[in-house]
Structures are given as structure tokens and as C-alpha cells.
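Take a look at the letters that make up each chain.
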Amino acid sequence: MQDLAPPAAPATPPAAPAKQRGHRPARWVRTRLRAAPWTALLNAVLVFTVVLLSTGLPRGVDRGEDAALRDFLRDRGIDATSLVTHAELRPDDTAARLDAVAERLTAAADGEFRVSASGPVYGVRTAQPRTLTDPQLSRPDGPDPRLRLRYLARLAEHATLTEGRWPAASPADRPLQIVVSQDTAEKLDIRVGDVLSPEPLPRLPPSPGTEVVGTFRVRDEADPYWTDVSCLDRPCLRIPDTFEWKRWWEATGLTSGDDLPRLLTWADGGQLYWRLPVDPDSLRADRLPQAERELASHLTGPTAARLAAETGRPDLRTFSSLPELFALATARRDAAAPLAALGPAGLAGVVVVVLCLAAALAADRRGPELLLLQARGGSRRGVLRWLLGEGATLVLPGAALGTLLALLLLPTPRWGPALLAGTAATAFALLAFPARALLLLSPRAGARRGARSRGARRVVGELALLAVTAAAVVEVRRRGAAPPGAGIDPLLVAAPLLIALGTGLLLARLQPPLLGALARAVGRRRGTVGFLGLAGAARGTGGRPRPAVLPALALLLAVTTAGFGADVTAAVDAGRTRESALATGGDVMVSAPKGFGLASAFTEAAGRLPGVRAATAVTLLTDAAVLRPGQRHLTISLLVVDPAAYAEISRSVGRGAFDPAQLAAPDGPAWPDGRDIPVPALYSRGLVEQLGGRAGAERIYLTSTGELRAQYAGTVDATPALRDSTHPFIVLPAGPAGARLPELRDHGHWFAVGDIDETAVRRLLHDQPVHPLLADTARLTGVPVVGPRPEDIPDGYLLTASDALTAALADDPLQRAALRVFRATTAGAGVFALIAALLTLLRAAPDRAAALARLRTMGLRPRQGLALILVEALPQTLLAAAGGVLASLAAVALLGPALDLSALIGTRVPPGLPLHPAAVLAPALALTALVTAGVLAEALLTGRRQVTTDLRVGDAP
């Protein structure tokens, strides 16, 4: 130990013998590593794993958020994710000027977001279509067809000419040259060379006609180039909003870029437009605020003013739906952030506990060595310097390898959080053991006074932690979660961990007396295994006065984090299922377009499908009114249903349940004296309030069908067929209502609950009779009303299944990424909790093995030795798991009212986190089983040792 306290060297040291000149004392680090090579290797592996997780988690979360943002924007379509710039068409505009503006606009969008590789789409569109008077054109119901002219840049790159030629510039006294799609030419009976004459516009000189010089077909209908061009690849059959059903064709023709000024006279004005599709891959979730500011500059800020000045167009205006999408994406990210952060926070807590446990066990093992070094003259600073050098040799290579591997496996442009987390983990792993050794080497003023001071410090620390936990819970309950845009709420993420820590402290106080009382109770019975095991569990191992707290705390943190997150996940799943059922009005809903109905054959056959528990056809009228003499009429919605089936549907959905006997009434058209028999009806609560609380027999007026009288039979708050329960409504029974007004038997909706096969309903709907008007429209447009597959349903009909809506709500990349991170970190926390338990067991293994050897000399059988190990080791694990379950339930109960799951569910729901005990117990049981399996494996290995291995004459236990 001369290198620890070297003696003072003489002024002129004597010359050493030649044989000893090459001798050097062994280095500290090399000596220590050779003394315990496997321990050093395990420490290096532990540090490598911790740093790999610490560096990789932020990058994994960042990659998940970026992918979720990009998928979210792609799902919204190219129209919603584009910048659309408008300007008025001027007489001096040319195609070259449009190209120049497009280049400037594209160059300006080269910061936080870029234009998609498909490039900008721009051109000119006229304000209104013109009516064509040519007699040879097709007219389905009499009205003349209409033509809209446009100019699209780079048309030849996206379309194929099928006949004729592309349009070119034409003299002022000649018609405008245009091309139309091949399908448009066939449907409207247009031929190449035809000159189409528009109807004159009032107060304007006669406009030139249009000459069709060619036809084309679209190369790829999915090409973003054709996204916002209506009635181009095929004509549109327009249907008026009136009941005349006089349809007409509307088509689009494309002109040359050299004829732009002539569009002013043809269509009385035009509009230039440039659509710049934003590339979602150029956006990053962490830089979304910067992208929002840059986008605002393009819309109404400095960039917009600069572009208007550079292009010489003061009327240049840019519009986009991206600000709303960015705000929605930010809200979704903030909503998923607590779930995404809860798992890593719990894993970090467990890792810290494991590192502290490893440092404490190392200090226990090497305590005598360090005290001896200090007694032989080594200073605390010198010992700590040697320990830091020893730790750096183990920690730094493993940390560097873990950081490098995380950076290579999870590439992302965001480096800061990952490197910060990796550096923090490395520093903690490096300083944990030296810090524990510093406490060990600190001078103590008397063992009695030191014990009292340590006990007092422990009580103060525990009370302070409990006070902080109570303050955090009260603050979260008082103010709720952080508002949208504020990012991760650290208090909301830390509160469950604080509750777990408080529960761990209480468990540490309660565990010794509980186990001691249980040991005394077991000691009164025959057999010594239970008593010895429980007594050892209550006493602790390794000479400690009480059981180790850190292993139980690791498992308790893991169980609490997993249980709280599992309850959030279960609440989100249950909320989606409920909201889907409310939106559907049951499990399956079918509705016909306005003015059409569902065939009775379909409703009867669908009601007999396997799995249907209750089904009813519904007549829904939204233009009914309640008439009272001398009072203003009240507009209501009227529902005509089968009472028994609809009551079952209402009960299943949990919306507007009622007793079907309330709608029971005798059938019959009228009393003998001619007066109508009132139909029993359920009134909405809002309607009763509007009627002044005096609901009775009311006159119900139905547009174009007549009147009937409804007799008040009860009140309901809501009804499955109407999502908006604030609008007043009345529910009538189908039998009596149809007897009074036969028109009420024409059902337009069908609702059902049960385990229903959506495909079977689609097949029935595919085979139902189609209205003649729909069939005629399909014949004219060439678009079939019903597709060729049995699953296709007629155009305009709607089939909604709650399972499909639930799957659509769950199909959120951001939520899936957050859930993956949570599950991975929960599994990691369980593994580290197992490591903590095994470290404790390995530390106590020599003492336990020696005790077993002595007991075997007194007649203890091997099976009893294994049982003794399990009885001594498992109570702490089971108590920690139970404490974790209680902490999870307490966290849900205390923090649940502050959580709003709307963004996670995908629709607006009331705030609050319901309690799902089964969801909390599942991860707790899984983690407990994992740790118990590790304890059992270690016990089996310990129990197989021979007596002579651990019991020798003169050996200390």
C-alpha cells in the first residue's frame, strides 16, 4: 500500500540495484479489475444497457412523433396540406408570367417546410360555367349543358392525347381552342372540330365560341395534379336542390396558355391560382412551432408582402388549412405526451433505484477495504480519485458504446435530448458508488449519536417526501393538466411516481412489524420452515436491521407506472367503443339518401341475420313541428320506431333508455265520432321545457304528409338515432303512427345491436332494389350505382358499424407510437426490477447458503431448504406488488379527474379517468410473476449447493 501513503523521499535517493530498477507497483485499476473480473464485466454490461436505453428512448419517441405527424398530414389529403395562392386574371397575363410566379413561390417555401416532389400545380380558372346552346349536345332532362374553361400548366406531362391536337393560340376573330376529356366528349356527344356556342351574358358583348381541337385521357387518376379539378376526366351530372329533378351536364375544357386574356371576355373574369403541395416528410414534430411561424409569414406576414412586391401583384393572397392542421397535431401530441412520458419516467425511476442498489451493495462488499485504506493513511480525496478512475475504466467504454449504438440504430436529426439523457445516465452510473463511498468514509461522532441522527434524518426525509407528494396531487387536482401547447406536464408525470415513492416509504415502515407478527403466528404451528423464513424476511439479510428498501421500491415503481398507464389505455379503448356506439346509434346503422328509402325486404332480412339482438327500421323526419293555438310553432325531429327493439337499442347504447310499455296503445284510425286517437309519444326533455312543462296531447304537423296527434307518455334525455340531444324530438311507435299516416311507414334508417357481421349487411344492401332515378343517373354517367363486388352498397347509401369507427379512432400513428413506447418501457422497468431483486438475493446468497448448510447438519431436507429460501424472499416481492397495485389505484383516484382523454380517444368526451381494476391488475401480475420467476430460479441454484461447499471448519458465515 505504498502508493496510498508514500513516505517522504530523501533529497538524494540511493541508487537501486540493477535487478530492481524495472520494478513498478501494480496499478490500482488493474489490480481491482483482476480481483473481480466478472463483477467488473457485469457492471459494464449494466452501464451499457442503461445508457443505451437512456439515449435511445428520446430518439425513439422523436421518430415516432415525426412519423405520426407525417401520417396525420398525408391522411388529410393533398388539398388540406397545400398552399393555394390566388390573384385576379389581368389582360397582360401570359403562361410565362405564371411560370415565373410559380418559381418564386416554390423558392420561398424552402425553410421548415418544402414543396412536394410532384411540384406546384397552377393555371387559370374561370369564375362561372357558361350554358351551351348547341342543339346536338346531350340533355338528360331538358336543361342545356354547361361548360367551364380552365388553363392547366404542364398539361401534356400528365395527360395523353387520344384524338386531334393540343390547343394553341387563336386569332381574336376565331373561337377559343380547347380540349376535353374523351369521356366528356362521349357523354355530351362532342366531336373534334365542333364549335360550341355559349349563351350570351347580360350587359356584355358577345363572347367567342370554343372549338374542340382534341380529346385526352388522364394518365393516372391518383396523380396530385388532378386533385382539385372538378368535372375534368368525366362530366358531372348536376341535380338541383328542388324537387323538379331536371338534371344537366357540366363539363370542363382546357385552353392554351397563350389565350389567357381571351378568358376575360369569355367568362367575365378569371382567377390565377398556384397550388403548392407541402411535403409532409420535410416537417418535424419538434420544430412544428417554427413551421407555424413560417407558414403565418407566407399567409399574412412578411413573406406574403415580399412575394406580392416581387411578382408585381398586390392582390396576391395565399390560403391554407395547414394552420388548423398544425394546431390539431400539436393538441394530439400534447394529449399523447403524458402517456408517452409516463413509461420512460417510470423506467428512469427504476433504473435510478437499480444503480443506487448496485452502489449500496458494492459499498457493503468493499466497505472494510475502503476503511482499511483510510486507516492506513489514505485521504478521502485520494480514495475517491482512485474509485473514480476505476469507475471510469468500466463506465466510459460501455457508455460510449451504448450511445453510439443508439445513435446508429435510431437515426433522427434531433440530437440534444438523446445526448443529454445519455450523459446524465453516464454521470449517475459513474458517481453512484463514489458518492456512497464518501458517506461510508465520512467521520462519525459516536455510534449512538450517529444512529439517532440517521433515524431523525430518515424521518424528516420521509415526511418531506409525503408532503411533496400531497402538494403535487393537490396542485394537479386544482389546476388540472397543462393546457394544450404547453408540452409535457412534468407535475402530472411525476405525481404517480411520487405516490409510488410515498407508498414505498409506508411499506418499508409497515413491512417489519407485519412480517414479524406473521412469523410469530406461524411459529405457534408445527414446523420451522415458515417461522424461520418469515423471521428472516422481517429481520433482513446481510446484518441489516431491517429489510432492504430499494429492491421493493424498484418493483413498486414498475408496478405503479404500468398500472396507471394500463388504466389510461383501458379508459381510452372503452371511450372509443362508447363514442363509436353513440355515433352509430347502435352496432350497425344503415341510412338511405334524402328522398329515398330502405326496402322492407332488406330490413326484414337484416333483422334475421345471425347475431342481431335487436333491430328496427326508423323513420326520421327533421322538419316536423308542434302546433299550439295562438302560439309559435316549435320545429322538432320526429322518430317512428318499433318500441321493443328501440328500447333494447337505447339500453345497449346507454343513451335514452325507456320502458317500451310507455308506447303501447290500441291500433285504429279514429274514434267512432271521427276524432283521431292520439299516438303515445316520448318527448325530449328540451321539448318539455319549451312547452312550459305542460306536455299533453299535441298536434304534430309533417311537411307534405299531414297531421297527427301525439299524447305525452314520458320523457327521455336523448335517443340513439340523434347525436344532438339538445334539439327537441318526439319518439312515436311505428304501428299506431303508420296507421294514422301511411307515409310514416317509408323507413330511411335501420339500427341494430348485437354481434353483427358487417359484410352480411353489405351484401343484403347490395341486393336491395335501386330507385329508378339512381339507376337512370348511373346509365347516363357510366358510373354504376352498385359496384360489382357483393360488399359494395348503392351510391348515396351509408352503412356505419361501430367496430369500424372504433378501429378508425384507434388508427392513430401518434397514439400507437406512444403506446409502443409505454409498453416497451414497462417491460424494461420489469426487467430492471428483476435485476434489483436478483442483486439483493446474490448479496445475501453467502449468508443464506451458510445458514442452510448449518440447518442441513441438523436434519433440514433439500426441499425444506428451497421452501425456506422462497418463504424468506417472496414476501417482500408480494408486498411490493400489492403496494404497487394500491399506488396505481390511488393515482387513478387522485389524478383521474384532472385528465382529459378527448385527444387520445379522437373525439370530445367529458374529462376524467375511470377506474378499471382489471387493467391495473394485469401488468401488476405480469411483473410480479417475472420477479417471482427470477427469485425461484435463484433459489433453485442456491438450494443445489452442497453442504461442504459452504460449511468449513473455521470459516466465517
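All of the points below concern the structure found in this document.

Rules and cut-offs
- Residues numbered from 1 in each chain as written.
- Predicted model: local features only at pLDDT ≥ 70, side-chain atom pairs only at ≥ 80, totals over all residues.
- Heavy atoms only, no water.
- Salt bridge = Lys/Arg side-chain N within 4 Å of Asp/Glu carboxyl O.
- Helix = DSSP H or I, 4+ residues; strand = E, 2+ residues; numbered from the N terminus.
- Buried < 20%, exposed > 50% of the residue type's maximum accessible area, 1.4 Å probe, protein only.
- Patch = residues over 30% accessible without salt bridge, like charges linked within 9 Å, V, L, I, M, F, W, Y side chains within 5 Å.
- Areas by Shrake-Rupley, 256 points an atom, 1.4 Å probe, with all protein chains shown as cover.
- Pairing = 2+ DSSP bridges.
- Phe/Tyr/Trp six-rings, centres within 6.5 Å; stacked < 30°, edge-to-face > 60°.

Below, the discussion takes up the pattern of salt bridges. Applying the stated rule across the entire model yields 26 salt bridges. Arg313 serves as the salt-bridge partner of Asp93, at 2.0 Å between the closest nitrogen and oxygen. Placement of Asp93 in the loop between β1 (82-88) and α3 (95-108) and of Arg313 in the loop between α7 (302-311) and β12 (317-319) is noted, with a sequence separation of 220 residues between them. Judged by its relative accessible area of 0%, Asp93 is buried. By relative accessible area, Arg313 is classed as buried at 2%. Residues joined by salt bridges that share partners form a network here, namely Asp183, Lys187, Asp233 and Arg234.

A few words now on a nonpolar patch on the surface. Among the surface-exposed residues, Val459, Leu463, Leu466, Leu506, Leu510 and Leu514 lie close enough to one another that they form a single nonpolar patch of about 530 Å² accessible area. Going through the elements one at a time, α11 (447-479) and α12 (490-523) are the ones with two or more residues in the nonpolar patch. Within the secondary structure, Leu466 sits in helix α11. Overall, the relative accessible area of 32% leaves Leu466 in the partly exposed class.

Before going further, it helps to spend a moment on the pairing of strand β19 (residues 729-733). Consecutive side chains of a regular strand alternate in pointing toward one face of the sheet and then the other. Across the five residues that make up β19, a large majority, five, are buried. As paired strands, strand β15 (residues 634-641) and β19 are joined by five bridges and run parallel to one another. Considered in β19, the bridge of Ser637 is made with Phe729. As paired elements, strand β16 (residues 679-684) and β19 share two bridges and run antiparallel to each other. Bridge pairing links Tyr683 to Ile730 in β19.

Turning our eyes to something else, we now look at the packing of aromatic side chains. Tallying each qualifying case throughout the model produces six aromatic pairs. Here the aromatic rings of Phe216 and Trp226 are separated by 6.4 Å at their centres, their planes lie at 15 degrees, and the arrangement is stacked. With Phe216 in strand β8 (residues 210-218) and Trp226 in the loop between β8 and β9 (236-238), the pair connects residues that are ten residues apart, well separated along the chain. Per residue, the accessibility class of Phe216 equals that of Trp226, and both read buried. With centroids separated by 6.3 Å and ring planes inclined at 40 degrees, the aromatic side chains of Tyr646 and Phe658 adopt a geometry described as tilted. Note that Tyr646 is positioned in helix α16 (residues 643-653) and Phe658 in the loop between α16 and β16, a separation of twelve residues in sequence. Of the residues examined, Tyr646 reaches a relative accessible area of 1% and is grouped as buried.

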